Amino acid sequence: MDKFRALLITRDEATKAQSVAFATLTAADLMDGDVDVRVEHSTINYKDGLAITGKLPVVRRFPMVPGVDFAGTVTASRHPDYKAGDKVVLNGWGVGEVHLGGFAEMARVRGDWLIPLAAGLSTAEAMAIGTAGYTAMLALIALEHHGLKPAAGTLAVTGASGGLGSFAVTLLAGRGFKVAAVTGRTAEAGYLTGLGAAEIIDRTELSAPPRALGKERFAGGVDAVGGVVLANLIATTAAGGAIAACGNAGGMELATSVAPFSLRGVSLLGIESVRAPKAARMEAWRRLAGDLDRGKLAAMTTTIPLDAVPDAARDIVAGKVRGRLVVEVG
Ligand code: NDP
């Protein structure tokens, strides 16, 4: 492929204003790497929304092709683990931030960043999962390592209608946990119970300034939103419980007290997917390919063309996207 289509973010260095437009690039425009991939599918994560809208400084190199995830077929490789024709997946590693990313028909990356497409998954399914699903699985694994079992009680999932939240609801319910879906969109109750939520909690219930310790309501949870919602979740988690802290869709700040940690032994488990080691990635993807209910995966997925990415980026930052968006690239 001599020429290929890409979404490109450029920046006017004088005004620092960024612009987003489709462009035709050539292989010479790609950055260093030892594997070339024909991108078949990508996806829009919250971080991609921030990058494209410029709401937060996610992009740290211009021009940039956004897109922190992609799946496709290797066209050329100088890396010992890959050869032309292999199906591969990329999540994170600064792709779409400092290295040209997935909203383009071609990508060139380091082979060490790739993982083989898990057996039983198509490239479209892999991108329906994307960083959101892979991170939700990292969160589930962290809660399991902590020792949480379904008998401990209800787990809260915040930002439940979003991508990461939808996966957390599905995966936790699939492991037998009772899940309370915390959402600002209670109209999505039917969608969330369909994914396995046993209870729907209006986000406003967890949006008041938290007390140091509240009534013990949850055994823990998966948090996609941060801010006051996470502070309330921490204050209402039962003794010995654990919360996997994944996101910041509701704010970067966290005003809490040490009481839940020192008086109840509550644990806050940080989840970071971008630089997770290969073994952790492979384990998460192996479990996703094996455990994930394909009917629920389809129920949470909407497929859009590459042309629709700029509008969808605005929608995800506005909290209007339900579940996951798969982007058909090539
Ligand atoms: P989505 O936009 O799909 O989901 C975020 C959800 O958060 C929304 O759907 C909404 O759910 C809720 N929400 C939105 N705005 C607010 C608000 N102002 N206050 C409270 N809740 C809000 O994003 P993703 O699923 O892609 O990502 C979720 C978060 O996880 C992001 O912050 C992202 O950066 C982070 N993330 C972190 C990773 C890591 O490695 N740690 C990897 C992947 C994502 P509802 O309407 O149901 O309330």
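Here's a quick rundown of the structure. (Residues numbered from 1 in each chain as written. Predicted model: local features only at pLDDT ≥ 70, side-chain atom pairs only at ≥ 80, totals over all residues. Heavy atoms only, no water.)

### Comments concerning the overall build of the protein
(1) Moving on: Counting secondary structure elements, the protein contains 9 helices and 15 strands.
(2) Moving on: Projected onto its principal axes, the C-alpha coordinates of the protein cover approximately 60 × 45 × 35 Å.
(3) Moving on: Relative to its full complement of 330 residues, the protein shows a buried share of 54%.
(4) Moving on: Taking the contacts inside the protein whose residues are at least 6 apart along the sequence as the reference set, 70% of them involve residues at least 24 apart.
(5) Moving on: Surface summary for the protein: the accessible area is close to 13200 Å², and the carbon and sulfur share equals 54%.
(6) Moving on: Taking the average place of the 34 positive charges on the side chains of the protein and the average place of its 32 negative ones, the gap between the two points comes to 4 Å. (Helix = DSSP H or I, 4+ residues; strand = E, 2+ residues; numbered from the N terminus. Buried < 20%, exposed > 50% of the residue type's maximum accessible area, 1.4 Å probe, protein only. Contact = heavy atoms within 4.5 Å. Areas by Shrake-Rupley, 256 points an atom, 1.4 Å probe, with all protein chains shown as cover. Lys, Arg positive; Asp, Glu negative; His and termini not counted. Charge placed at Lys NZ, Arg CZ, Asp CG, Glu CD.)

### Considering the pairing of strand β1 (residues 3–11)
(1) Moving on: Bridge count between β1 and strand β2 (residues 18–26): 9 bridges; the pairing is antiparallel. In the sheet register, I9 faces β2, and the bridge partner there is V20.
(2) Moving on: Counted along the chain from β1 to the antiparallel partner β2, the turn is 6 residues long, and its residue K16 has a positive phi close to 65°. (Pairing = 2+ DSSP bridges.)

### Thoughts on helix α1 (residues 46–53)
(1) Moving on: Turning to α1, its buried residues are D48, G49, L50, A51 and I52.
(2) Moving on: Structurally, α1 contributes buried residues whose contacts are with β1, β2, β3 (35–43) and α9 (309–317).
(3) Moving on: One or two steps after α1, the chain reaches G54, where phi turns positive at roughly 75°.

### Quick word on the site of the ligand
(1) Moving on: Lining the immediate environment of the ligand, one finds 25 residues, of which L164, T183, G184, R185 and N248 sit closest.
(2) Moving on: Note that a nitrogen atom of the ligand is positioned 2.9 Å from one of the backbone N or O atoms of C246.
(3) Moving on: With the chains in place, 87% of the 910 Å² that the ligand exposes on its own is no longer accessible.
(4) Moving on: Counting only elements with at least two residues in the shell around the ligand, the list comes to α2 (123–146) and α3 (163–174).
(5) Moving on: Grouping the amino acids of the shell around the ligand by side-chain chemistry returns 9 nonpolar, 13 polar and 3 charged. (Near = heavy atom within 4 Å. Polar contact = N/O pair within 3.5 Å; in protein donor to acceptor, adjacent residues only side chain to side chain. Nonpolar A, V, L, I, M, F, W, Y, C, P; charged D, E, K, R; others polar.)

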